[in-house]
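# Survey of secondary and tertiary structure
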Amino acid sequence: MNGAQALIRTLTGCGVDTCFSNPGTSEMHFVAALDAVPEMHAVLCLFEGTATGAADGYGRMRDRPAAALLHLGPGLANGLANLHNARRAHTPVLTIVGDHATYHSRLDAPLESDIESLARPVSGWFRRTAAAALAGPDAADAVAAASRPPGRVATLVLPADVSWSDGGEPAPARLTRPATPVPGAAIDAAAAALRSGQPCLLLLGGTALRAAGLAAASQVAQGTGARLLAETFPARLERGAGLPAVDRLAYLAEFAASQLASPRHLILAGARAPVSFFAYPGQPSSLVPADCQVHVLAEPGEDVPTALAALASEVAPAARPLPQPAQRPALPDGDLTAERAAAVLGALLPEGAIVSDEANTSGLWLPGATAGAPPHDWLTLTGGAIGQGLPLATGAAIACPDRPVLALEADGSAMYTISALWTHARAQLDITTVIFSNRCYAILGMELTRVGAAAPAPGGAAGNGGAGVGRAAQDLLELTRPDLDFTALATGMGVPARRAQTTAEFAAALRHALAEPGPHLIEALIPALG
Ligand SMILES: Cc1ncc(C[n+]2csc(CCOP(=O)(O)OP(=O)(O)O)c2C)c(N)n1
């Protein structure tokens with residue numbers, strides 16, 4: 001058995017049976033080995049950012065890794081932004097990077113590069129396999145490393161001669177250490193804060209945002225009067241009717257600051273102490289008020305739901321979690337806006353949906369409009385590197401083939417990884433993509449004034465010294481000349497598409513897309529926020 005076969009057999013033996021792939025010459029023995037190991041499901045992605053983002057989406061939904069097969073340093077580099085997002089999400093991901101044959105590297109052939117330097121910043125584990133006999137053991141170690149809570153990117157470099165040489169042998173799965181129990185002292189400290197009589201806020205992140213963690217946190221809130229908030233960009237938030245509802249910490253620092261103004265105790269459950277997404281001149285970077293004491297109940301790698309349950313029985317044994325009542329917005333009418341599109345989505349969101357949310361400014365109304373919809377999962381842009389949404393939806397749909405997936409996409413972000421639509425079509429994934437086509441980088445138009453680069457013009461629009469944004473600046477913020485035609489892009493990649501300009505057209509297109517299995521795209525023409 002050659003190294004490639006040993007590696008793939010080891011992966012399937014460890015439960016890694018999906019590989020989002022964009023191969024090259026150095027991975028040809030891996031590709032050939034796929035036919036010898038039919039248990040491995042390889043999915044072709046036309047850009048590496050789709051492969052890595054799909055592995056992230058898969059890992060978020062399955063809590064075990066998929067692999068991403070990438071071609072040397074440049075292939076890895078193309079996939080880095082979504083590996084960055086996966087790192088921030090604590091998603092288990094296995095990155096396999098094919099490399100030149102060991103003896104070829106010293107010749108500095110054109111594709112030679114420093115793979116380790118590219119991989120390290122996003123990888124919690126890195127190894128280069130030195131021989132075919134080690135391909136199996138290294139793969140088993142990589143899966144265990146990726147899977148160890150709270151989950152990480154594990155990168156395994158596979159030289160071509162390791163792949164093609166004989167002497168490989170599959171290795172058994174390693175035992176994966178479960179999440180570390182939270183020390184009693186952390187629970188006692190949080191309990192003391194909650195009993196202090198001073199205002200307390202629990203900031204929830206990671207596994208605290210699944211049903212069990214939410215129920216325990218809600219019980220604490222009901223029994224003590226503490227407030228709950230979720231981190232700004234959760235990897236996966238379980239929400240909807242019957243589950244305790246929790247607002248997210250705002251993206252804009254001024255709103256986040258007001259959400260965090262009153263508590264004297266901030267109790268972190270799987271979340272980090274909040275910081276401003278960016279620095280702004282004259283504004284504080286930490287969002288924790290000076291007179292607020294921070295208590296770490298549980299780190300992301302610890303058993304957060306169990307810690308919350310222990311805290312609940314300590315401080316609120318008789319309380320019950322508060323479930324979100326079932327309620328949907330009425331279907332609105334009129335010209336299409338982001339707010340009305342959100343209401344339509346709230347009215348029609350199917351039970352069990354998985355939402356990949358990269359709607360950016362157009363998503364402002366989505367949390368409110370969908371809060372009382374049937375239970376669903378909400379996946380967000382954890383690391384701020386746009387181009388995640390369509391790949392994430394790809395991986396989520398492959399991880400959960402029986403669940404409807406919605407990719408809610410801002411137009412600018414969609415373009416980074418638009419080729420993911422081809423994989424949606426190739427694999428006939430049940431993904432409804434909504435493009436919020438506001439034809440600009442709206443958030444950057446706002447940030448231009450917020451960072452002080454341009455003063456607000458008298459009419460309210462951003463401007464250089466109040467005189468309006470200059471043409472050169474505006475050219476970098478508008479997605480016009482030409483306008484993007486997303487229905488043409490989608491149909492060109494095999495995804496049926498419709499354009500909606502009115503709320504009724506949008507509702508009809510959404511009903512149709514949700515009723516018919518397979519991928520669909522709806523281009524929603526809406527005015528930009530601000
Ligand atoms: C990988 C990456 N490149 C660039 C950026 C900077 N950036 C942040 S938002 C944005 C544009 C967002 O536009 P769009 O996705 O259309 O959303 P809108 O702001 O219009 O709602 C850009 C380019 C980023 N966050 N990540």
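Placed above this text is the structure.
Our subject in this report is the structure included herewith. (Residues numbered from 1 in each chain as written. Predicted model: local features only at pLDDT ≥ 70, side-chain atom pairs only at ≥ 80, totals over all residues. Heavy atoms only, no water.)

### What to know about the site of the ligand
As a reminder of what qualifies: In this text, near means that some heavy atom of the residue lies within 4 Å of the molecule or strand in question. Under this definition, polar contacts are N or O atom pairs within 3.5 Å; protein pairs additionally need one hydrogen-donor-capable and one acceptor-capable atom, and for neighbouring residues in sequence, both atoms have to be side-chain atoms. All accessibility values rest on the Shrake-Rupley procedure with a 1.4 Å probe; residue burial counts only the protein chains present in the view. Think of it this way: any DSSP run of H or I at least four residues long counts as a helix, any run of E at least two long counts as a strand, and we number them from the N terminus. Gly is put with the polar residues, along with every residue not named as nonpolar or charged; the nonpolar set is Ala, Val, Leu, Ile, Met, Phe, Trp, Tyr, Cys and Pro, and the charged set is Asp, Glu, Lys and Arg.
T361, G384, G412, S413 and I443 are the nearest of the 17 residues found near the ligand. With respect to the ligand, the side chain of N438 contributes an N or O atom lying 3.0 Å from an oxygen atom. A442 places a main-chain nitrogen or oxygen 2.9 Å from an oxygen atom of the ligand. Protein chains bury 78% of the 590 Å² of accessible surface belonging to the ligand in isolation. Elements with a contribution of two residues or more to the shell around the ligand: α15 (411-416) and α17 (442-450). When residues in the shell around the ligand are grouped by element, the largest group, four residues, is from α15. Taken together, the residues of the shell around the ligand sort by class into 10 nonpolar, six polar and one charged.

### Structural notes on the environment of L364
The test is simple: Working definition: with a 1.4 Å probe on protein chains only, accessible area under 20% of the residue-type maximum means buried, over 50% means exposed, and in between means partly exposed.
By the element assignment, L364 lies in the loop between β12 (354-358) and α13 (366-370). According to the relative accessible area criterion, L364 is exposed, its value standing at 55%.

### Focus on the nonpolar core
Test applied: The term nonpolar core refers to a set of buried residues drawn from Ala, Val, Leu, Ile, Met, Phe, Trp, Tyr and Cys, joined through side-chain atoms within 4.5 Å. Note on contacts: a residue pair qualifies if any of its non-hydrogen atoms lie within 4.5 Å across the two residues.
Counting residues in hydrophobic clusters, the biggest one holds 63 residues, and the most contacted among them are L202, L204, L297, L308, L408 and F506. For L297, the residues in contact, after removing those within four places along its chain, are V182, A186, I187, A190, I267, L268, A269, E302, A307, L308 and L311.

### Remarks on the environment of P65
Within the secondary structure layout, P65 lies in the loop between α3 (48-62) and β3 (66-71). In the structure, P65 is positioned 49 residues away from V16 in sequence and 6.2 Å away in space, judged by C-alpha atoms. Those residues in contact with P65 that sit more than four places away from it in its chain are V16, Y58, P92, V93, L94, V143, A146 and S147.

### Considering the sheet that holds strand β15 (residues 431-437)
Neighbouring strands of a sheet are bound in pairs by backbone hydrogen bonds; such pairs are parallel or else antiparallel. Test applied: When DSSP finds at least two bridges between two strands, those strands are taken to pair. Only C-alpha atoms enter the line fits that serve as axes; for helices the fit covers just the stretch in contact. Angles between N-to-C directions range over 0 to 180 degrees.
Across the sheet, seven strands lie side by side as β9-β13-β12-β14-β15-β19-β18; this open sheet has mixed pairing. Looking along the sheet, the strands with just one partner apiece sit at the ends: β9 (237-239) and β18 (497-500). Strand-to-strand twist across the sheet, computed as the mean angle between neighbouring axes with direction ignored, equals 20 degrees.

### A short note on helix α1 (residues 3-13)
Count 3.6 residues to each turn of an α-helix, and residues three or four apart come out pointing the same way. With eight of 11 residues buried, α1 lies mostly within the body of the structure. Within α1 the residues assigned to the buried category are G3, A4, A6, L7, I8, T10, L11 and T12. Buried residues along α1 sit against α2 (28-33), β4 (93-99), α6 (132-147), β6 (153-159) and α7 (160-164). For α1, the N-terminal cap is N2; the gap from its side-chain oxygen to the backbone nitrogen of A4 is 3.2 Å. Downstream of α1 by a residue or two, G15 has a phi angle that is positive, lying close to 90 degrees.

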